[in-house]
Amino acid sequence: MIFGIHPVREAIEAGTEIEKIYFRKTAGESLTAADRTNAGAANALREQAEEAGIHIQEVPVEKLNRLTRNGNHQGVAAVIAAISYKDINELAEELEAQIAAGEAPLVMLMDSVTDIRNFGAIARSAECAGVAALIMPAKNSAPVNAEAIKSSAGALTLIPVSRVGSLKGAVALLRNIGMQCVAATEKSDTLVYETDFTRPTVIVMGAEDKGISRDILNLCDMRACIPLAGRIESLNVGAAAAVVLFEARRQRFEQG
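Here the structure is a predicted model, which means the values were calculated and not measured. (Residues numbered from 1 in each chain as written. Predicted model: local features only at pLDDT ≥ 70, side-chain atom pairs only at ≥ 80, totals over all residues. Heavy atoms only, no water.)

A.B. asks: What is the right way to read the sheet that holds strand β1 (residues 2–3) from this model?
C.D. replies: Strand pairing in a sheet is mediated by backbone hydrogen bonds. Such pairs are either parallel or antiparallel. Strand order in the open sheet formed by 4 strands is β1-β4-β2-β3, with mixed pairing between adjacent strands. Two strands in the sheet have a free side with no partner beyond their single neighbour: β1 and β3 (56–59). With 4 bridges connecting them, strand β2 (residues 18–24) and β3 associate as parallel partners. What sits directly across from R24, in β3, is V59. (Pairing = 2+ DSSP bridges. Helix = DSSP H or I, 4+ residues; strand = E, 2+ residues; numbered from the N terminus.)

In structure tokens form, the structure reads like this:
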């Protein structure tokens, strides 16, 4: 955590990986003259953060005081990312080279998985299954922090993670280089066991509550479901991801 307008601005300009920036919520609050001065500088910093594609969130001053242990935060605090993210274009170039060499990379794309434990569990399963990279949205996603890394058993420090501003753009980019996108969803009559995962594949998992968004679902090449025998309608997303990943691993193992 870093705080204060100038330290956060310097971190952005230095290219430091920033997970999120908290800004003081000023609407409806009484501000001192110093607070008003800081609010103006904070607004300029907010524009800079938005241009850099950094996720921002407005919070009450009490939360900023807790986060910074009553430090001189000037209405701004930033969470430094625990890992270095992989640029999506650089990742696409590497995947394209693997495909050209006759390989079939496997990628996991998470559409708004916000629970840290689920996120960590998916990362752990993905690393064990030989996944080439994880892709997540910059907004509406679990933070990659110490808790997530612990939940992943350290997998998040081993597997490339790409954080993107547009999941639609990421899907289009990966399809462009020859990867099929398979949506893991109960809204399908095709079983995961009937899906060919031996090709270069992006597996798409959705949010815990709403599943895969309609926009992303419509971009996928196919949909596949896990057959369930019980009365509960769906698996936890972390468990579902493990089932799909190791079906892909099984097919590839049998192919030799």
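Continuing now.
A.B. asks: Even after reading the chapter, I still don't get the packing of helix α1 (residues 5–13) against helix α2 (residues 33–51), so can you show me in this structure?
C.D. replies: To characterise two packed helices, one gives the angle between the axes of the helices and the distance between these axes. Across the interface, α1 lies against α2 with an axial gap of 10 Å and an inter-helix angle of 15 degrees. Compared by their axis directions, α1 and α2 come out roughly parallel. Judged by the sense of rotation from one axis to the other, the crossing of α1 with α2 is left-handed. Here I5, V8, R9, I12 and E13 of α1 come into contact with α2, specifically with N38, A41, A42, L45, Q48 and A49. Residue classes in the contact of α1 with α2 are distributed as 7 nonpolar, 2 polar and 2 charged. (Axes fitted to C-alpha atoms, helices over the stretch in contact; angles between N-to-C directions. Parallel < 35°, antiparallel > 145°, perpendicular 65-115°, else oblique. Left-handed = near helix turned anticlockwise from the far one by under 90°. Contact = heavy atoms within 4.5 Å. Nonpolar A, V, L, I, M, F, W, Y, C, P; charged D, E, K, R; others polar.)

A.B. asks: How do you make sense of the environment of V8 when you look at a structure like this?
C.D. replies: Counting through the fold element by element, V8 comes out in helix α1. For V8, a relative accessible area of 0% puts it in the buried group. Separated by 13 residues in the primary sequence, V8 and I21 place their C-alpha atoms 8.6 Å from one another. Sequence-distant contacts of V8, that is, excluding residues within four places in its chain, are made with I2, F3, I21, L45, V76 and A78. (Buried < 20%, exposed > 50% of the residue type's maximum accessible area, 1.4 Å probe, protein only.)

A.B. asks: Would you take a moment to explain the pairing of strand β5 (residues 106–110) for this structure?
C.D. replies: The buried fraction of β5 is high, at 5 of 5 residues. Where burial is concerned, the two faces of β5 agree: the one with L106, M108 and M110 and the one with V107 and L109 are both buried. One ladder, built from 5 bridges, connects β5 with strand β9 (residues 201–205); its direction is parallel. Bridge pairing in β9 links L109 to V204. Pairing geometry for β5 and strand β6 (residues 133–137), over 3 bridges, is parallel. Considered in β6, the bridge of V107 is made with A133.

A.B. asks: Looking at this structure, how should I read the nonpolar core?
C.D. replies: When a protein is soluble and globular, its nonpolar side chains tend to lie buried together. Counting 38 residues, the largest nonpolar core has M108, F119, L134, L156, I203, M205 and L245 as its most contacted members. The set of elements that each furnish at least two residues to this core consists of β5, α5 (116–128), β6, α6 (146–151), β8 (180–184), β9 and α9 (237–255). At 6 residues, α9 tops the list of elements feeding residues into this core. Discounting residues that sit within four places of it in the chain, L156 has contacts with I83, F119, A123, L134, V144, A148, I149 and V161. If you look at the next biggest cluster of nonpolar residues, it comprises 23 residues, including L95, V171, L174 and I212. (Core = buried A, V, L, I, M, F, W, Y, C linked by side-chain atoms within 4.5 Å.)

A.B. asks: Mind showing me how you'd approach the sheet that holds strand β10 (residues 222–224) here?
C.D. replies: Strand order in the open sheet formed by 6 strands is β7-β6-β5-β9-β8-β10, and the pairing between neighbours is parallel. Of all strands in the sheet, those bounded by a partner on one side alone are β7 (161–164) and β10. For this sheet, the mean angle separating the axes of adjacent strands, direction not counted, is 25 degrees. Pairing between β6 and β7: 4 bridges, direction parallel. Bridge pairing links L134 to V161 in β7. On top of the sheet, helix α7 (residues 167–176) reaches β5, β6, β7, β8 and β9; it is set at about 145 degrees to β6, its chief contact.

A.B. asks: Explanation requested: a negative patch on the surface in the structure shown.
C.D. replies: On the surface, a cluster of negative charge is made up of D115, E147, E208 and D209. Locating E147 in the fold gives a position in helix α6. Assessed through its relative accessible area of 42%, E147 is described here as partly exposed. (Patch = residues over 30% accessible without salt bridge, like charges linked within 9 Å, V, L, I, M, F, W, Y side chains within 5 Å. Areas by Shrake-Rupley, 256 points an atom, 1.4 Å probe, with all protein chains shown as cover. Salt bridge = Lys/Arg side-chain N within 4 Å of Asp/Glu carboxyl O. Lys, Arg positive; Asp, Glu negative; His and termini not counted. Charge placed at Lys NZ, Arg CZ, Asp CG, Glu CD.)

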